[in-house]
Amino acid sequence: MKSILALIALTLLLTLTASAQEAKKLRVLVTVGGHAFEQKPFYEMLDKLPGVTYKKIDLPKDAGLLKPGLEKDYDVILMYDMVKAITPEQQQAFVELLKTGIGVVSWHHNLAAHPEWDEFRKIIGGKYANNDMTIDGKPQKKSNYTEGIDYKIHIADADHPITKGLADFQVHDEVYGSRWISPDAKVLLTTDCPKSDAPLAWTTTYGKSKVFYFLPGHGQQAWTNPVFQELLVRGLRWTTEK
Ligand SMILES: [Zn+2]
């Protein structure tokens, strides 16, 4: 009898411990759409990210979900979409959502999302320009990309929680050149790669939201890199810390 009670107590303890860990997991809403990527290794990588549980939505189809109230179900939005446009009402609802303080991670080609919505560059602190244009009264050249190259990622700010303790590392991935980057962005990662502008990751804020932009991540050679994954998880977590 005693041993049965002990077993029940142990089972209960393990269940409680497991649910406590589950409760602490970051609840991530992943947005995709508007740009192709290798689906299988992408979701395999997300499935294995420690301390993360996620659901993905497709833009623009599911853009109506990006509105106040979403912050009750998700801690952070991981934007891997390159959506061309959402409606003006959806844009406004998204801006209102960011007044709740939900975390925002803008990732890779998300820099080129919402090309006609000027506010979006202010949300993520950067923009991939599809044409020569003027931004804040200054000429901005058309951006460019180079896929499939080896380059070194340098930790530019070693004191930030996202980068602390990490060493410079190599990836085989894509870079962008001639991008617009907000003067308010705090740059965490850089590269000397001549095909790229120096900044590869930065933080900013918008509304009450903490925002992390992370450029690397075109394909699985980046996705499977353990330092890359560490940066992604830390970036997600950092945006949710008050
Ligand atoms: Zn890409």
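Cut-offs and rules
- Residues numbered from 1 in each chain as written.
- Predicted model: local features only at pLDDT ≥ 70, side-chain atom pairs only at ≥ 80, totals over all residues.
- Heavy atoms only, no water.
- Core = buried A, V, L, I, M, F, W, Y, C linked by side-chain atoms within 4.5 Å.
- Buried < 20%, exposed > 50% of the residue type's maximum accessible area, 1.4 Å probe, protein only.
- Helix = DSSP H or I, 4+ residues; strand = E, 2+ residues; numbered from the N terminus.
- Contact = heavy atoms within 4.5 Å.
- Lys, Arg positive; Asp, Glu negative; His and termini not counted.
- Salt bridge = Lys/Arg side-chain N within 4 Å of Asp/Glu carboxyl O.
- Polar contact = N/O pair within 3.5 Å; in protein donor to acceptor, adjacent residues only side chain to side chain.
- Expected span 1.5 Å × (residues − 1).

Colleague: Outline the nonpolar core, listing residues and values.
Modeller: Ranked by size, the top nonpolar core spans 72 residues in total, and within it Phe 42, Phe 94 and Trp 107 carry the most contacts. The leading source of residues in this core is helix α7 (residues 226-240), at six residues. Not counting chain neighbours up to four residues away, the residues in contact with Phe 42 comprise Val 30, Val 32, Phe 37, Tyr 80, Trp 107 and Trp 223.

Colleague: Any chance you could break down the side chain of Asp 173 for me, citing the residues and the numbers?
Modeller: Assignment of secondary structure puts Asp 173 in strand β9 (residues 169-177). For the buried Asp 173, no salt bridge is present, and the opposite-charge side chain at shortest range is Arg 179, 11 Å distant. Here His 218 takes part through its backbone nitrogen, which lies 3.0 Å from a polar atom of the side chain of Asp 173. Ignoring anything within four residues of it in the chain, the contact list for Asp 173 reads His 108, Thr 146, Glu 147, Gly 148, Ile 149, Tyr 151, Pro 216, Gly 217, His 218, Gly 219 and Ala 222.

Colleague: Residues and numbers for α7, please.
Modeller: For an α-helix, 3.6 residues make a turn, and residues three or four places apart therefore share a direction. Here α7 contains 15 residues, and its C-alpha end-to-end distance of 22 Å stays within 8% of the 21 Å for a straight helix at 1.5 Å per residue. Listed in full, the buried residues belonging to α7 are Phe 228, Leu 231, Leu 232, Val 233, Gly 235, Leu 236, Trp 238, Thr 239 and Thr 240. Put simply, Asn 225 is the residue that caps the front of α7, since its side-chain oxygen is 2.8 Å from the backbone nitrogen of Val 227.

Colleague: Got a sec to walk through the side chain of Lys 127? Specific residues and values, please.
Modeller: Positionally, Lys 127 belongs in strand β5 (residues 126-127). One polar contact links the side chain of Lys 127 to the main-chain carbonyl oxygen of Pro 115, over a distance of 2.9 Å. If we ignore the near neighbours within four places in the chain, the residues touching Lys 127 are Leu 111, His 114, Pro 115, Arg 121, Met 133, Ile 135, Ser 143, Arg 179 and Trp 180.

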